[in-house]
Amino acid sequence: MKKAAISPALEYYDRYVDHVPDIDLSVALDESLQALQALNIAQLEPQGNYAYAPGKWTLKNVFQHITDTERVFAYRTLLFARHDKTSPPGFDQDLFADNTFIDNRSLQDVLDELIAVRISTIALFKSFSDDTLLRTGMNWKYEMSILAMGFTIAGHQLHHLQIIKEKYL
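Quick notes on the rules
- Per chain, residues are indexed from 1 in the order of the written sequence.
- Two thresholds apply to this predicted model, a pLDDT of at least 70 for residue-level local features and 80 or more for giving and counting side-chain atom pairs, whereas whole-chain, interface and lining totals are computed over all residues.
- To obtain the side-chain values, all non-hydrogen atoms of the structure were included, while hydrogens and water were left out.
- The cut-offs for exposure are 20% and 50% of the maximum accessible area for each residue type, with area from a 1.4 Å probe on protein chains only; residues under the lower value are buried, those over the upper are exposed, and the others partly exposed.
- Elements are defined by DSSP. Helices are runs of H or I of four residues or more, strands are runs of E of two residues or more, and each kind is numbered from the N terminus.
- Two strands pair under a simple rule: DSSP has to find at least two bridges between them.
- Residues adjacent in sequence count toward polar contacts only when both atoms are side-chain atoms; beyond that, a polar contact is any pair of N or O atoms within 3.5 Å, and within protein one must be able to donate a hydrogen and the other to accept it.
- Residue contacts are defined here by distance: any two heavy atoms, one from each residue, within 4.5 Å place the two residues in contact.
- Between N-to-C directions, angles cover 0 to 180 degrees, with each direction set by a line fitted to C-alpha atoms, over the stretch in contact for helices.
- If an angle is under 35 degrees, it is roughly parallel; if it is over 145, roughly antiparallel; if it lies from 65 to 115, roughly perpendicular; otherwise it is oblique.
- Should the near helix be turned anticlockwise from the far one by less than a right angle, the crossing is termed left-handed; should it be turned clockwise, right-handed.
- Three classes are used, and their members are as follows: Ala, Val, Leu, Ile, Met, Phe, Trp, Tyr, Cys and Pro are nonpolar, Asp, Glu, Lys and Arg are charged, and the others, Gly among them, are polar.
- Of the grid points, spaced at 1 Å and generated over the protein atoms alone, those admitting a 1.4 Å probe that cannot get out make up cavities, while open sets with protein on both sides within 12 Å along at least five of seven lines make up pockets; any residue with an atom within 4 Å of a point is treated as lining.
- Grid points are joined across faces, edges and corners, and a volume is the space filled by probe spheres set on the points.

J.: Whenever I open this one, the pairing of strand β1 (residues 136-139) confuses me. Can you help?
T.: Two faces make up the sheet, and in a regular strand the side chains alternate between them. Burial of β1 is one-sided: the residues G137 and N139 facing one way are buried, the residues T136 and M138 facing the other way are not. Note that β1 and strand β2 (residues 142-145) share four bridges and pair antiparallel. Across the sheet, M138 pairs through a bridge with E143, a residue of β2. Between β1 and β2, which pair antiparallel one after the other, the connecting turn spans two residues, and W140 there sits at a positive phi close to 60°.

Below you can see the structure in the form of structure tokens.
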């Protein structure tokens, strides 16, 4: 299904979804995986522990943040898909970032983890029928469809890759 089929209309998460063109979700997720696989790690690795300003995340933290957020969103998506009405807890992205313990990991290792998570996310979304993609649930404090969650995952990565290009390279 394409982005135009998202319903209800997005509120907060449109800031990410707007980065993705009106293409099929499976294409958007596949392209997001290809973008990760195409990153020039040799160019990025020296910047792994670099933060562009005091109090900002390092490049490794940014990639770990994308991974952590995707895991949280995939769990919430699974709840929606399985008709589980449990209200998923929120998460504090800064608390997560403060507790990643990635200083001694290579950027390649952090990126490999993100790629593995993305492959898993793609498999999850491919398992859903169109009817399932239209199911909704509460993501943080906003009602969202599973389709919107998928586009948010893809758009969240695009958002951060743009920041990486502007601030880290």
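Next comes the rest of the description.
J.: Please explain the side chain of E70 as it appears in this structure.
T.: With respect to the helices and strands, the residue E70 is situated in helix α4 (residues 59-81). In terms of polar contacts, E70 uses its side chain to reach the side chain of T121, at 2.6 Å. Leave out the neighbours within four places in its chain, and E70 touches L114, V117, R118, T121 and I153.

J.: Would you explain the packing of helix α6 (residues 107-126) against helix α8 (residues 146-168) in this entry?
T.: Packed helices, taken two at a time, are described by their axes: the angle between them and the distance between them. One can describe the packing of α6 onto α8 by two numbers: an axis separation of 11 Å at closest approach and a directional angle of 155°. Between α6 and α8, the interaxial angle falls into the category roughly antiparallel. Between α6 and α8 the crossing geometry is left-handed. Counted together, R118, T121 and F125 of α6 and I146, M149, G150, I153 and Q157 of α8 form the full contact between these two elements. Classifying every residue of the contact of α6 with α8 by side-chain character gives four nonpolar, three polar and one charged.

J.: Just to check I follow, could you spell out the layout of surface pockets for this structure?
T.: Any space left empty among the atoms is revealed by the rolling of a water-sized probe across them. Put simply, the largest pocket is a space of about 550 Å³. If you go around the largest pocket, you meet 23 residues; those closest to its centre are Y16, W57, H65, Q93 and H160. Residue assignment for the lining of the largest pocket shows that the elements contributing at least two residues are α4, α5 (93-98) and α8. Its volume calculated, the second largest pocket comes out at about 220 Å³. Looking at the lining of the second largest pocket, the elements with two or more residues in it are α3 (41-44) and α8. Here the element with the most residues in the lining of the second largest pocket is α8; it accounts for five residues. Residues of the lining of the second largest pocket, tallied by class, amount to seven nonpolar, four polar and one charged.

J.: Even after reading the chapter, I still don't get the packing of α4 against α6, so can you show me in this structure?
T.: Where α4 contacts α6, the two axes come as close as 9 Å, and the packing angle between them is 20°. With respect to α6, the axis of α4 lies roughly parallel. The hand of the α4/α6 crossing is left-handed. From α4, L59, K60, F63, Q64, I66, T67, E70, R71, A74, T77 and L78 reach across to α6, where they touch L107, V110, L111, E113, L114, V117, R118, T121, L124 and F125. Along the lines of polarity and charge, the residues of the contact of α4 with α6 split into twelve nonpolar, four polar and five charged.

J.: Mind showing me how you'd approach unusual backbone geometry here?
T.: One can expect most non-glycine residues to show negative phi and most peptide bonds to be in trans. The omega torsion across S7 and P8 is 0°, close enough to zero to call that bond cis. Within the element layout of this structure, P8 appears in the segment before α1 (14-17). With phi around 60°, H83 is a residue other than glycine that occupies positive phi space. When you line up the elements, H83 lands in the loop between α4 and α5. Residue F101 is not a glycine yet carries a positive backbone phi of 55°. Tracing the backbone through its elements, the reader meets F101 in the loop between α5 and α6.

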